[in-house]
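Listed below are the residues making up each chain.
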Amino acid sequence: MNELPQQLVNGLLLGAMYGLVAIGYTMVYGIVQLINFAHGEIFMTGAFGALTVWLWLPGGTTMWIALPLMIVGAVIVAVAIAVGAERFAYRPLRTAPRLAPLITAIGLSLALQQAVWAWYPEAKSARTFPQISGGPFDIGSVTIQTGDVFLVAAAPLSMAVLGYFVLKTRTGRGMQATAQDPDTAKLMGVNTDRIIVIAFALGAAFAAVGAVAYGLKYGEINFRMGFILGLKAFTAAVLGGIGNIYGAMIGGVVLGVAETLATAYIADIPGMDKFGSQSWADVWAFVLLILVLLFRPQGLLGERVADRA
Amino acid sequence: MRQRSLIALTAALAAGALTLTACGSRDSGDEGSGKDGGGTVVIGVDVPLTGDLSAMGLGIKNSADLAAKNANKRNFVKGVTFTTEALDDQAQPSAGQQNASRFVSEKEVLGVVGPLNSSVAESMQKVLDDAGLVQVSPANTGPSLSQGPNWQTKKERQYKAYFRTATTDAIQGPFAAQYVFNTAKKKKVFVIDDKKTYGSGLASTFTQEFKKLGGQVVGTEHINPDTKDFSAVATKVKNSGAEVVYYGGEYPQAGPLSKQIKASGAKIPLVGGDGVKDDTYMKLAGAESTGDLTTSVGAPVEDLPSAEQFVSDYKAAGYKEGYSAYGGYAYDSAWAIIEAVKKVVEANGGELPSDARKKVTEAMQSVSFDGVTGKVSFDQYGDATNKQLTVYAVKNGAWVPVKSGTYTG
């Protein structure tokens, strides 16, 4: 049986999840030139927010009712933490050299992990996440899991909403203006502080949707899930051209597909059998990233911008 | 240029952060270690208290603690009070080594129970051995730890201070292979491991025996234990036509792996080793895991008459976490240290000698008693003489023993 279609779907699904998280990196970077390394942990707290809602609901609630509430819970928690982080950790450092907020972000990332570990009940090891009941769907030779249906629907929908918001609304245009030149935007009457908060909040909301998708896909969440996934999403954002929201999604998908195909096929190339296992997938993903950056330093969809003096 | 150098810098910082998390939190309970050892013996415990493997680690910590309490209650060694001090290694070799140095620096520590992971043991052995501080692991199954890197051809003891109450993968892997081939009648296997000392060792001893019996290995994979997405591997397993998957590794990956393999449409059992045998496995693998198999060291604790007391004591002590796969072995490991201390104290006229560590290590070699898991004693390599193993299967969301025995090559 030809496994390529299935592997492509595996990669697309993984990539869509990377993409959802990558949007947060890319938006924040686009507007304040900050790599928010705590974003992976904001994703993680979103997952725990969704789990908390599930635990509050009476037993036996169907997922049709529970899932929307869980998404709301995830978004509320993630947005609250992201906005709080912006207000108390990043805003005081906005005029400081760029390294300072970057280091704060790394510190915040560790702090959030430890906080969930310490205060969330039984979070010291993995917690199981509720599942959508029902068997997988077969489309031709491709099997799609019930839990992944959420991801299939959520990723394009999120992109459409985001695209509409940025291109068509007043606030969205304000974001574009601030991204281009914050000082001029301010002179033109754009409330840049508000725009920055919105960028953090939007990124966190998409990460929260990604976190629910993660829980449904893998059936478990834990306090360390954000770190590696955050790193991958950051990579996806760079790959797609950091600062470009469509680039984040494209970068995520390219990264996910590359990892999956590397696992599936590199071992079949003569002489490469040692480098084809899943444990090498990350290596190949980064080889791809480096190649893209060598030949297209601005990333796949990034625009070539002159460095500011 | 500024943008790009920022990205490079970020990558470097990320790597730094990775290292930081690896040696993160540690208990800060070393107050009072300065006071003179007036008859107090501390048994150090090094296990993962946090992270994915904490269920097993906490079971070990509690069981060792129970052994110390029982020894005090029975006044087993006159004039000596036992306490335990548990440090978290987060299943990381670097943290294990730091903990080992810390135990060495605290002179009241006369023995260490742990660690859980063979890869952590590798980093601890030399530190403890140099200080002559005895270490008894309830869970390490990597053969090279005691018998040297060339254990298949030339066995050679590595460290005089290293002992274990669990049997080795030189026995566990082949035992699983015989069960899968002869009893379960599966001829085609897909072998997966996590590249760690324990997982890859177990996978290779399994593979050797399985091939020797006439079985066919239709595919191999190595997974990265940091990720949770095994869909690509699952699809490969499905297309390989394998009748069974053997996984060398631990339950945090084995659970999701089993789940994703079944989800891909391959309704075949996953077989693992003792690192998989924890109740968390079923939570992670879901309802489809019924029929998955694992081997584990020893006979099931619940079925041993010698363990009845342990099980009821453990319940009575009111520990929040279960004793998990290694509780009985951890109790026996701690008890072996207590027995060795007793010998040393009795030989020294009822007092701890000044070179207690060295004497305890020497005494350990000849320790022999009836423990929770049966007769406890050590061979010339420091390995347990008890070579019993059991196959368990998932039934109704629990591990049910299906066959006990000893491997005969």
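Residues numbered from 1 in each chain as written. Chains lettered and ligands numbered in written order. Predicted model: local features only at pLDDT ≥ 70, side-chain atom pairs only at ≥ 80, totals over all residues. Heavy atoms only, no water.

> An account of the sheet that holds strand β14 (residues 398-406) of chain B is needed here, citing residue identities and associated values.
Adjacent strands of a sheet form backbone hydrogen bonds with each other and so pair up, either parallel or antiparallel. Residue and element names in this part refer to chain B. In spatial order, the strands read β7-β6-β8-β9-β10-β13-β14; together these seven strands make up an open sheet with mixed pairing. Two strands close off the open sheet at either side, each with one partner strand: β7 (216-222) and β14. Averaged over all neighbouring strand pairs, the angle between strand axes comes to 25°, with direction disregarded. As paired strands, strand β6 (residues 188-193) and strand β8 (residues 244-248) are joined by five bridges and run parallel to one another. Considered in β8, the bridge of Val191 is made with Tyr246. (Pairing = 2+ DSSP bridges. Helix = DSSP H or I, 4+ residues; strand = E, 2+ residues; numbered from the N terminus. Axes fitted to C-alpha atoms, helices over the stretch in contact; angles between N-to-C directions.)

> Give a description of the sheet that holds strand β5 (residues 162-164) of chain B that names residues and reports values.
Residues and elements named next belong to chain B. Taken in spatial order, the five strands line up as β2-β1-β3-β4-β5 in an open sheet, and their pairing is parallel. The open sheet has two edge strands with one neighbour each: β2 (81-88) and β5. Ignoring strand direction, the axes of neighbouring strands in this sheet form an average angle of 25°. Both strand β3 (residues 109-113) and strand β4 (residues 134-137) contribute to a ladder of three bridges, which runs parallel. Bridge pairing links Val112 to Gln135 in β4. Helix-sheet contacts for helix α4 (residues 118-130) involve β1 (40-47), β3, β4 and β5, and the interaxial angle to β4 is about 160°. Of the strands in this sheet, β1, β2, β3 and β4 are in contact with helix α12 (residues 327-347), which crosses β3 at around 155°. (Contact = heavy atoms within 4.5 Å.)

> Explain empty space enclosed by the protein residue by residue, including any values.
Residue and element names in this part refer to chain B. Applying the stated rule across the entire model yields seven cavities of 30 Å³ or more. Its volume calculated, the largest cavity comes out at about 80 Å³. Forming the walls of the largest cavity are 13 residues, and the residues nearest its centre are Leu116, Tyr198, Glu250, Gly275 and Tyr326. Split by residue class, the lining of the largest cavity holds six nonpolar, five polar and two charged. (1 Å grid on protein atoms, 1.4 Å probe; cavity = no way out; pocket = protein on both sides within 12 Å on 5 of 7 lines; lining within 4 Å. Points joined across faces, edges and corners; volume = space filled by probe spheres on them. Nonpolar A, V, L, I, M, F, W, Y, C, P; charged D, E, K, R; others polar.)

> Lay out helix α2 (residues 54-73) of chain B with the relevant residues and their values.
Residues and elements named next belong to chain B. The terminal C-alpha atoms of α2, which comprises 20 residues, lie 28 Å apart, in line with the 28 Å expected from a rise of 1.5 Å per residue. In terms of burial, α2 is a largely internal element, 16 of the 20 residues being buried. Phi turns positive, to about 50°, at Asn75, one or two residues after α2. (Expected span 1.5 Å × (residues − 1). Buried < 20%, exposed > 50% of the residue type's maximum accessible area, 1.4 Å probe, protein only.)

> Could you give an account of the pattern of salt bridges, naming the residues involved and the relevant values?
Inspection of the entire model under this criterion finds 22 salt bridges over all chains. With its nearest N and O atoms 3.3 Å apart, the salt bridge here joins Arg102 of chain B to Glu106 of chain B. In this structure, Arg102 of chain B and Glu106 of chain B share a single accessibility class: buried. When salt bridges that share partners are traced, they join Glu86, Arg91, Arg94 and Asp193 of chain A into one network. (Salt bridge = Lys/Arg side-chain N within 4 Å of Asp/Glu carboxyl O.)

> Go over the UniProt feature "domain: Leucine-binding protein" (unreviewed entry) in chain B with me, naming the residues and quoting the values.
As recorded in UniProt, the sites labelled "domain: Leucine-binding protein" (unreviewed entry) are residues 40-397 of chain B. End-to-end, the C-alpha atoms of residues 40-397 of chain B are 43 Å apart, and along that stretch the chain is 42% helix and 19% strand. (UniProt positions renumbered as here; feature names shortened; annotations may be inferred.)

> Pulling in residues and values, what's your account of a nonpolar patch on the surface?
All names here are of chain A. Together, Val283, Val287, Ile290, Leu291, Leu294 and Phe295 give the surface a local cluster of nonpolar side chains, amounting to about 590 Å² of exposed area. Locating Val283 in the fold gives a position in helix α11 (residues 281-295). Take Val283: its relative accessible area is 38%, and that puts it in the partly exposed class. (Patch = residues over 30% accessible without salt bridge, like charges linked within 9 Å, V, L, I, M, F, W, Y side chains within 5 Å. Areas by Shrake-Rupley, 256 points an atom, 1.4 Å probe, with all protein chains shown as cover.)

> Provide a residue-level description of the interface of chain A and chain B, including the pertinent values.
Reports often express the size of an interface as the amount of accessible area lost when the parts come together. Listed per partner, the contact involves 51 residues of chain A and 44 residues of chain B. Among the residues of chain A in contact with chain B, Arg98, Tyr218 and Gln278 of chain A are the three that bury the most area, contributing 14% of the side total. Taken together, chain A and chain B are joined by two salt bridges. Here Lys217 of chain A and Asp229 of chain B are joined by a salt bridge, their closest N and O atoms 3.8 Å apart. Applying the counting criterion to the chain A and chain B interface returns 15 residue pairs in polar contact (both at pLDDT 80 or more). Looking at the side of chain A that touches chain B, the elements that each hand over two or more residues are α1 (4-32), α4 (99-119), α8 (192-218), α9 (225-240) and α10 (245-265) of chain A. The element contributing the most residues to the side of chain A that touches chain B is α4 of chain A, with seven residues. Taken together, the residues of the side of chain A that touches chain B sort by class into 23 nonpolar, 18 polar and ten charged. (Buried area = accessible area lost by both parts, 1.4 Å probe. Polar contact = N/O pair within 3.5 Å; in protein donor to acceptor, adjacent residues only side chain to side chain.)

> How would you sum up the packing of aromatic side chains? Please name residues and give values.
Residue and element names in this part refer to chain B. Evaluation of the coordinates by the stated rule reveals 19 aromatic pairs over all chains. Their ring planes at 50° and their centres at 4.8 Å tell us that Phe76 and Trp335 sit as a pair that is tilted. Placement of Phe76 in the loop between α2 and β2 and of Trp335 in helix α12 is noted, with a sequence separation of 259 residues between them. Exposure remark for Trp335: the relative accessible area of 6% places this residue in the buried category. Here Phe310 and Tyr314 contribute two aromatic rings whose centre-to-centre distance is 5.8 Å and whose plane-to-plane angle is 55°, an arrangement assigned as tilted. Of this pair, Phe310 and Tyr314 both sit in helix α11 (residues 308-317), four residues apart, which is roughly one turn of that helix. Each member of the pair Phe310 and Tyr314 is classed as buried. Grouping aromatic residues by their ring pairs yields a cluster made of Phe76, Phe310, Tyr314, Tyr319, Tyr323, Tyr331 and Trp335. (Phe/Tyr/Trp six-rings, centres within 6.5 Å; stacked < 30°, edge-to-face > 60°.)

> Provide a residue-level description of the domain arrangement of chain B, including the pertinent values.
Residue and element names in this part refer to chain B. The domains assigned to chain B are domain 1 (14-167 + 303-376) and domain 2 (169-297 + 389-405). The distance between the C-alpha centroids of domain 1 and domain 2 comes to 29 Å. Contact with domain 1, which involves 22 residues of that partner, is made by 22 residues of domain 2. Summed over the three residues of domain 1 that lose the most area to domain 2, namely Asp52, Thr141 and Thr167, the buried surface amounts to 28% of that side. Seen at the junction of domain 1 and domain 2, the total is zero salt bridges. Our count for the domain 1 to domain 2 interface comes out at eight residue pairs in polar contact (both at pLDDT 80 or more). Classifying every residue of the side of domain 1 that touches domain 2 gives ten nonpolar, nine polar and three charged. (Domains from an automatic or database assignment.)

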